[in-house]
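Okay, here's what each chain looks like letter by letter:
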Amino acid sequence: MASISTTVPAGSGLSDVKELTKIERIGAHSHIRGLGLDDALEPRTTSQGMVGQLQARKAAGVILEMIKEGKIAGRAILMAGAPGTGKTAIAMGMAQALGTDVPFTMLAASEIFSLEMSKTEALTQAFRRSIGVRIKEETELIEGEVVEIQIDRSATGAGAKTGKLTLKTTEMETIYDLGQKMIESLNKEKVTAGDVITIDKASGKITKLGRSFTRARDYDAMGADTRFVQCPEGELQKRKEMVHTVTLHEIDVINSRTQGFLALFSGDTGEIKSEVRDQINTKVSEWREEGKADIVPGVLFIDEVHMLDIECFSFLNRALEDSMSPIVIMASNRGITRIRGTNYTSPHGIPIDLLDRSLIISTSPYTEGEVRRILSIRCEEEDVEMTEEAKDVLCRVGMETSLRYAIHLITASWLVARKRKASEVEVDDVRRVYSLFLDEKRSVQYLKEFQDQYMYNTFAAEDGATPMVE
Ligand SMILES: Nc1ncnc2c1ncn2[C@@H]1O[C@H](COP(=O)(O)OP(=O)(O)OP(=O)(O)O)[C@@H](O)[C@H]1O
Ligand SMILES: [Mg+2]
């Protein structure tokens, strides 16, 4: 591998692919737009879709600060708390607050068992997805105001078109010859005289910066959204520093001979040879020394972390010590339970040595007021109108069963309300769906009463779980 490529060919639509998976995953948390902290990291009671859970949000804010500084690698954070207390929600809030430049990878621990690769390879990929490399590149640009575009058409209309483009700055004016490709891109960008444009000399890419102020008075064919810019000063040719961020995993995939960049869309990356990774690590550290690249340690969020087994945990222990490690945030709702792959029990189902390396943030159950506010926010998010009384009832349901169950009743009750052509959900609609859909407690109750009629009814199993045939 002589040189290492970090760019995906233009127009490959890679960014769209990423967007899609992101939208898909945040459904239940789409009302969360950040952690809702002020500049001093003090949590506002209700802000950016976040309600209560002040202590944990503040702690998350401190971690966020640590990530933004970008200096510290390889810390583990564990969010521990009962189901439905907002662990995943807080992680989503952190992802939002980080912005797009810092990589944030979300992984449900069980995912790594279902991929067609070894567990450690899947974890390695997840780690490398969470490390960004910010690459600085000098590019040569031509930047100027278009004075004239002249395109020569041959008499027959056949053959390649040629033309001339006159560009100026406040100090100079130059005429450039145009080839077929440049003429096409000028047409595509709808460049006309009076536009200020840049042309990337290496790729030939044309970017329209806006219209020159000197043309502000010709109001022919000018949209309301026209942006006016100054005519550039100085030389037409400029050097500009461009910065783009890619993840280590993307560099791995693009440079692995068997995969190629196409594997990035199919998600079908398979295992990547360790020599490839070694070469890339060496190259990246060279770039760092030459000042061409920076490492941006991101976040790897492993939800339901108790689903990892002992091999994965020991991999984590080791991987966290690497200087190229991201911040790993884990979440678990388990108490003291068996560590997968062993007969030992441990708090949260996580081995003690890993717990010892982690900062633990705990989440606590919500008060009635907080549940009500979360439900109100969800009503807005799901575009559901609900009377105050109905919200009271739903809130009581939430306190007695679970927050999630109550959230799920919102859209269901709205559908019932719409069936009777009402514009608002009323108490009766909530009652109706409450009787239609069982919550966990009532479902268990029902099972206890009618267990003889089910298959494998071994209700007496010691740990409460109903075993399948073994
Ligand atoms: N503080 C909060 N502010 C706003 N919404 C919240 C808050 N806490 C939880 N929610 C919402 O309540 C629902 C349940 O919370 P969440 O999924 O984060 O729980 P969890 O702690 O991850 O539970 P589990 O352990 O079962 O995974 C989600 O839809 C979440 O967005
Ligand atoms: Mg969760």
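Residues numbered from 1 in each chain as written. Chains lettered and ligands numbered in written order. Predicted model: local features only at pLDDT ≥ 70, side-chain atom pairs only at ≥ 80, totals over all residues. Heavy atoms only, no water.

If you look the protein chain up in an unreviewed UniProt entry, it shows as RuvB-like helicase from Rhizophlyctis rosea. As recorded by UniProt, the Catalytic activity (unreviewed entry) comment attached to the protein chain reads in full: "ATP + H2O = ADP + phosphate + H(+)". In its Subcellular location (unreviewed entry) section, UniProt records this for the protein chain: "Nucleus". (UniProt positions renumbered as here; feature names shortened; annotations may be inferred.)

## Digging into the confidence of the model for the protein chain
For any part of a model where pLDDT is low, the fine detail of the predicted coordinates should not be relied upon. This prediction gives the protein chain a mean pLDDT of 84; 85% of its residues lie at or above 70. Here residues 9-26 is a poorly scored stretch, pLDDT under 50, and it has 13 contacts once near neighbours within four places are set aside; other chains count. With pLDDT under 50 throughout, residues 466-470 is counted as low confidence; its partners more than four residues away or in other chains account for five contacts. (pLDDT = per-residue confidence, 0-100. Contact = heavy atoms within 4.5 Å.)

## Quick look at the site of ligand 1
In the vicinity of ligand 1, 21 residues are found, and the nearest of them are V51, K87, T88, Y366 and R404. With respect to ligand 1, the side chain of H31 contributes an N or O atom lying 2.9 Å from a nitrogen atom. Note that an oxygen atom of ligand 1 is positioned 3.4 Å from one of the side-chain N or O atoms of E304. The protein chains hide 96% of the 630 Å² of surface that ligand 1 would expose on its own. Assessed atom by atom at 2 Å from the grid points, ligand 1 resides in the second largest pocket. Going through the elements one at a time, β2 (50-51), α3 (87-98) and α13 (403-419) are the ones with two or more residues in the shell around ligand 1. Taken together, the residues of the shell around ligand 1 sort by class into 10 nonpolar, eight polar and three charged. (Near = heavy atom within 4 Å. Polar contact = N/O pair within 3.5 Å; in protein donor to acceptor, adjacent residues only side chain to side chain. Areas by Shrake-Rupley, 256 points an atom, 1.4 Å probe, with all protein chains shown as cover. 1 Å grid on protein atoms, 1.4 Å probe; cavity = no way out; pocket = protein on both sides within 12 Å on 5 of 7 lines; lining within 4 Å. Sits in = over half its atoms within 2 Å of the grid points. Helix = DSSP H or I, 4+ residues; strand = E, 2+ residues; numbered from the N terminus. Nonpolar A, V, L, I, M, F, W, Y, C, P; charged D, E, K, R; others polar.)

## What to know about a negative patch on the surface
A grouping of D383, E385, E389 and E424 is seen on the molecular surface, where their side chains present a negatively charged patch. If you trace the backbone, E389 turns up in helix α12 (residues 388-400). (Patch = residues over 30% accessible without salt bridge, like charges linked within 9 Å, V, L, I, M, F, W, Y side chains within 5 Å. Salt bridge = Lys/Arg side-chain N within 4 Å of Asp/Glu carboxyl O. Lys, Arg positive; Asp, Glu negative; His and termini not counted. Charge placed at Lys NZ, Arg CZ, Asp CG, Glu CD.)

## Considerations on the side chain of T85
Along the polypeptide, T85 turns up in the loop between β3 (76-81) and α3. A distance of 2.5 Å separates a polar side-chain atom of T85 from the backbone oxygen of A82. Those residues within four positions of T85 in sequence are excluded, and the remaining contacts are Q53, T363, S364, P365 and Y366.

## Observations regarding unusual backbone geometry
Of note, the phi angle at L41 is positive, near 65°, even though the residue is not glycine. Here L41 lies in the loop between α1 (14-25) and β1 (46-47). Residue Q53 is not a glycine yet carries a positive backbone phi of 50°. The topology assignment puts Q53 in the loop between β2 and α2 (54-69). When its relative accessible area of 7% is taken as the criterion, Q53 is described as buried. (Buried < 20%, exposed > 50% of the residue type's maximum accessible area, 1.4 Å probe, protein only.)

## Overview of α12
Every α-helix carries 3.6 residues per turn, so stepping three or four residues along brings you back to the same face. Here α12 contains 13 residues, and its C-alpha end-to-end distance of 19 Å stays within 8% of the 18 Å for a straight helix at 1.5 Å per residue. Contact partners of the buried residues in α12: α11 (368-381), α13 and α14 (427-436). (Expected span 1.5 Å × (residues − 1).)

## A short note on the packing of aromatic side chains
Taken as a whole, this structure holds five aromatic pairs when the rule is applied. Plain terms: the ring middles of F127 and F315 are 6.1 Å apart, the flat faces sit at 85° to each other, and that makes the pair edge-to-face. Taken together, the residues span a long stretch of sequence, with F127 in helix α4 (residues 119-129) and F315 in helix α9 (residues 310-319) at a distance of 188 residues. For F127, a relative accessible area of 6% translates into the label buried. Judged by centre distance (6.3 Å) and plane angle (70°), the ring pair of Y405 and Y434 falls under edge-to-face. Separated by 29 residues along the polypeptide, Y405 in helix α13 and Y434 in helix α14 bring together distant segments of the chain. Here the basic side chain of R340 rests over the ring of F113, its NZ or CZ set 4.7 Å away from the ring centre. The ring centre of Y434 lies 3.7 Å from the NZ or CZ of R442, which sits over that ring. (Phe/Tyr/Trp six-rings, centres within 6.5 Å; stacked < 30°, edge-to-face > 60°. Lys NZ or Arg CZ within 6 Å of the ring centre and 35° of its normal.)

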